[in-house]
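Examining the three-dimensional arrangement
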Protein chains: 2
Amino acid sequence: MTAKRYPLMLCRHCDAKAVINMRQHKLALCGPHYVDWVHKQTARFIDEYGMFAPEDRVLVAVSGGKDSLALWDILLALGYPADGLYIGLGIGWGIGHNPDDDTGESEGQGYSDTSYGYIQDFVQARGGDQTLHVVDVAEEFGATIPAAARVTNRGREKPCSLCGLTKRHIMNRVARDGGYDVLATGHNLDDEAAVLLGNTLQWSVDYLARQGPVMPPSHPGLARKVKPLFRFYEREMAAYAIVRGIDYIYEECPFATGATTARYKDMLNNLELSSPGIKLQFYLRFLKAKKVNNLFENAHRTLDLLTCPTCGQPTTNPGECTFCRTWDRVRDRLAPSRT
Amino acid sequence: MTAKRYPLMLCRHCDAKAVINMRQHKLALCGPHYVDWVHKQTARFIDEYGMFAPEDRVLVAVSGGKDSLALWDILLALGYPADGLYIGLGIGWGIGHNPDDDTGESEGQGYSDTSYGYIQDFVQARGGDQTLHVVDVAEEFGATIPAAARVTNRGREKPCSLCGLTKRHIMNRVARDGGYDVLATGHNLDDEAAVLLGNTLQWSVDYLARQGPVMPPSHPGLARKVKPLFRFYEREMAAYAIVRGIDYIYEECPFATGATTARYKDMLNNLELSSPGIKLQFYLRFLKAKKVNNLFENAHRTLDLLTCPTCGQPTTNPGECTFCRTWDRVRDRLAPSRT
């Protein structure tokens, strides 16, 4: 029996063994040239899409996953003195992982704590002088995300909606209070294309009108939101993290299993197999159609945003915003007098 | 071992055994009530989308497949004295089906002849007094579609492009010469949603601007093109044909295998399994977004259409249209003096 031999893939620039082959770019690169390529590409995207300027203060939302840690690493390498923000959600390993855990809540070294550990390692490895803001949801608001979700309507099925609401609030607040111009998140192309496919299958014109790599602030005091990695495939970011020796949490959030977005990712991955580049094309042509053909221009609702009297963040409700009202209810229901 | 017993599905209207359960409508119906429902739905769509009026002369393009024969049957049942048009393409059973056939061309009882047989049976079964126009491509233009495709650039891979061009030309001509107001085709929801998904993945703004169940004539003398079955799932039309005792060609065109559209159909079928109705929603929300949000309004290119001096049909070329030029070339290359 003879083992099948594959030709060795070589770096386009130096003939060393390639660590990655990007079929959609017809480009194979070795470790050092790959890192260099990712840095230059990211700098180009930041510039081309007007994400931020060298003098802007940048806050990176880091979860402990490959994308957000890679993003922080890239920005630091490009010379942006970006600060980090970690939000402790109090998520455990999920039902099934630990036979004693039927709540999804963190006890001991859960999903959230493990994620935080990787971020601490990242900061340590860089000499420990990066600023990392840490907001622990349970400490600050009185309950972990899974515990809060169980006592609100929002949590009937999964805590994802409450989690998103809470993260958005905290990110906005930390960016505002810290005087940051820009909030950067690690969304990659696979994330963005899957959301785009979902929005398109529903023809959610409002969401399509807003979707893109740069979201201007909708309210005074809010930071611009940008996604500098939106043109990189998920596997490209995994490769980047490995080459750079960045350790990260491999597991998905235990609540993310079976999510619709995961199905859209699968669909796009299947298409990508036979048409390399279709995912990137899908997203870039969408952006082009928006720009060139003014698609969704008529759909752009201008919302009359009000200011929440409690937290000062924008809201479409008269009175308290959804975040404040939801967490008031959580604390009310969890108060000892009611048990 | 006990066999699993499924509850008997009953008709919503009469408690007879249902022949079909449409999950997206939460509606199960017996044979007679299903036929009645399909007729009423089609009448509603014809009216709601302004496809045609009772006094309009309607020409149905029939291929011998379930959809076009079902459409003709429904229109006759609704009282429209619709005429049929069959185009003989000269397609055989395809490479692989007959070991002696390496051309895909029809010899003896091929794919095209078999299709024609089902149409003749359909007409016979209705007393034989329907008008059926028959255009045989080889007789009229000098070569079958597969033979012509082999000698033109257009046929380098598959004859589908030449076939579409030729069918459009013939349909336009027969409709014009016969004084028909409307040309109706049997495209069902699966066909339309797959094309929409393809156009969307490419953000082909021009195609998206034009896609829909009614296409107004682009040139004087052309008929309006309509798709009265565009809201029915493929399986609903198969069920209709079976209940009505319409025999049709089950096989896909041998050249259609592996087509991209088939992959998009698979993707949508997979989504439909877990989200019944998503296919219909995808298409209807697209139509709504076009209408309500004027999506693609800016993309609607107004083409300056010229008239082909040879055939009188519209063309964007100065001089002969693509159809005439292509078939001139075919005849030139197949002429005996060149062999």
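Residues numbered from 1 in each chain as written. Chains lettered and ligands numbered in written order. Predicted model: local features only at pLDDT ≥ 70, side-chain atom pairs only at ≥ 80, totals over all residues. Heavy atoms only, no water.

1. Let's talk about the relation of the copies chain A and chain B
Inclusion rule: Copies are brought into register by a least-squares superposition over C-alpha atoms of residues with pLDDT of at least 70 in both. Note on contacts: a residue pair qualifies if any of its non-hydrogen atoms lie within 4.5 Å across the two residues.
Mapping chain A onto chain B calls for a screw motion: a turn of 180° about the axis and a shift of 0.0 Å along it, with 0.0 Å RMSD after fitting. Classification of the inter-copy transformation places it as that of a two-fold axis. It is A:L295 whose C-alpha, among those of chain A, lies nearest the rotation axis, at 3.0 Å. When the interface residues of chain A are mapped onto chain B, 100% of them are again interface residues, pointing to one common binding face.

2. Considerations on the interface of chain A and chain B
Put simply, the rule is: What counts as a salt bridge is simple: a side-chain nitrogen of Lys or Arg found within 4 Å of a carboxyl oxygen of Asp or Glu. Throughout this description, a polar contact denotes any pair of N or O atoms lying within 3.5 Å of each other; where both atoms belong to protein, one of them has to be capable of donating a hydrogen while the other can accept it, and for residues adjacent in sequence the pair is counted only when both atoms sit in side chains. Helical segments are the DSSP runs of H or I of at least four residues, strand segments are the runs of E of at least two, and each set is numbered from the N terminus.
On the chain B side, the residues contacting the 28 residues of chain A number 28 residues. Summed over the shared surface of chain A and chain B, the number is 0 salt bridges. On inspection of chain A and its partner chain B, the count reaches 6 residue pairs in polar contact (both at pLDDT 80 or more). Counting residues per element, the side of chain A that touches chain B draws most heavily on helix α10 (residues 260–274) of chain A, at 7 residues.

3. Some points on the sheet that holds strand β8 (residues 224–226) of chain B
Strand pairing in a sheet relies on backbone hydrogen bonds, with the paired strands running either antiparallel or parallel. Residue and element names in this part refer to chain B. Heads up, the condition is: Strands are labelled as partners when DSSP assigns at least two bridges between them.
What the 6 strands build is an open sheet, ordered β5-β4-β3-β6-β8-β7; its pairing is mixed. Taken across any chain shown, the strands that pair with only one partner, and hence form the sheet edges, are β5 (132–136) and β7 (214–215). Here strand β4 (residues 83–88) runs beside β5; their pairing, made up of 5 bridges, is parallel. Residue Y86 lies in a different strand from β5, and its bridge partner there is V134.

4. As for the packing of aromatic side chains
Which entries qualify depends on this criterion: Two rings belonging to Phe, Tyr or Trp (six-membered ring only in the last case) form a pair when the distance between their centres is within 6.5 Å. Interplanar angles under 30 degrees mark stacking, angles over 60 mark edge-to-face geometry, and anything in between is tilted. Buried means the residue's accessible area, taken with a 1.4 Å probe over protein chains only, is under 20% of the maximum for its type, while exposed means over 50%, and partly exposed covers the values in between. Here, a charge over a ring is recorded when the distance from Lys NZ or Arg CZ to the ring centre is within 6 Å and its angle to the ring normal is within 35 degrees.
In this structure the tally under the stated criterion is 33 aromatic pairs over all chains. Relative to A:W37, the ring of A:Y34 lies with its centre 6.0 Å away and its plane at 20°, an arrangement referred to as stacked. With a gap of 3 residues between them, A:Y34 and A:W37 both fall in helix α1 (residues 31–48), about one helical turn apart. Ring centres of A:Y86 and A:Y116 lie 4.8 Å apart, and the angle between their planes is 10°; on these two criteria the pair is classed as stacked. One end of the pair, A:Y86, is in strand β4 (residues 83–88); the other, A:Y116, is in helix α3 (residues 111–125), and 30 residues separate them in sequence. Among the residues examined, A:Y86 registers a relative accessible area of 5% and is labelled buried. Under the relative-accessibility criterion, A:Y116 is labelled partly exposed at 24%. Seen from the ring of A:Y180, A:R57 lies directly overhead, with NZ or CZ sitting 4.2 Å from the centre. Positioned over the ring face of B:F122 is B:R126, at 3.7 Å from the centre of the ring.

5. So, the nonpolar core
What counts here: Only buried Ala, Val, Leu, Ile, Met, Phe, Trp, Tyr and Cys residues count toward a nonpolar core, and they belong to the same one when joined by side-chain atoms within 4.5 Å.
In terms of nonpolar packing, the biggest core is built from 132 residues, with A:W203 and B:W203 touching the most fellow members. Among residues more than four places away in sequence, those in contact with B:W203 are A:L196, A:T200, A:W203, A:F282, A:R285, A:F286, A:A289, A:L295, A:F296 and B:L208.

6. Re the sheet that holds strand β7 (residues 214–215) of chain A
Residue and element names in this part refer to chain A. Defined as follows: To define axes, lines are fitted to C-alpha atoms, for helices over the stretch in contact only, and angles between the resulting N-to-C directions are given on a 0 to 180 degree scale.
Spatially, the 6 strands line up as an open sheet ordered β5-β4-β3-β6-β8-β7, and their pairing is mixed. Taken across any chain shown, the strands that pair with only one partner, and hence form the sheet edges, are β5 (132–136) and β7. Contacting β3 (58–61), β4, β5, β6 (182–184) and β8 (224–226), helix α6 (residues 160–177) crosses the sheet at an angle of about 145° to β4.

7. A short note on the pattern of salt bridges
Applying the stated criterion across every chain yields a total of 32 salt bridges over all chains. One salt bridge in this structure joins A:R231 and A:E48, with 3.8 Å as the shortest N-O distance. Linking A:R231 in the loop between β8 and α9 (234–243) with A:E48 in helix α1, this pair joins segments that are 183 residues apart in sequence. On the basis of relative accessibility, which here comes to 46%, the residue A:E48 falls in the partly exposed class. Across the salt bridge formed by B:R173 and B:E140, the nearest N and O atoms sit 2.7 Å from each other. With a gap of 33 residues between them, B:R173 in helix α6 (residues 160–177) and B:E140 in helix α4 (residues 137–141) connect regions that are remote in the sequence. Note on B:E140: relative accessible area 39%, which makes it partly exposed.

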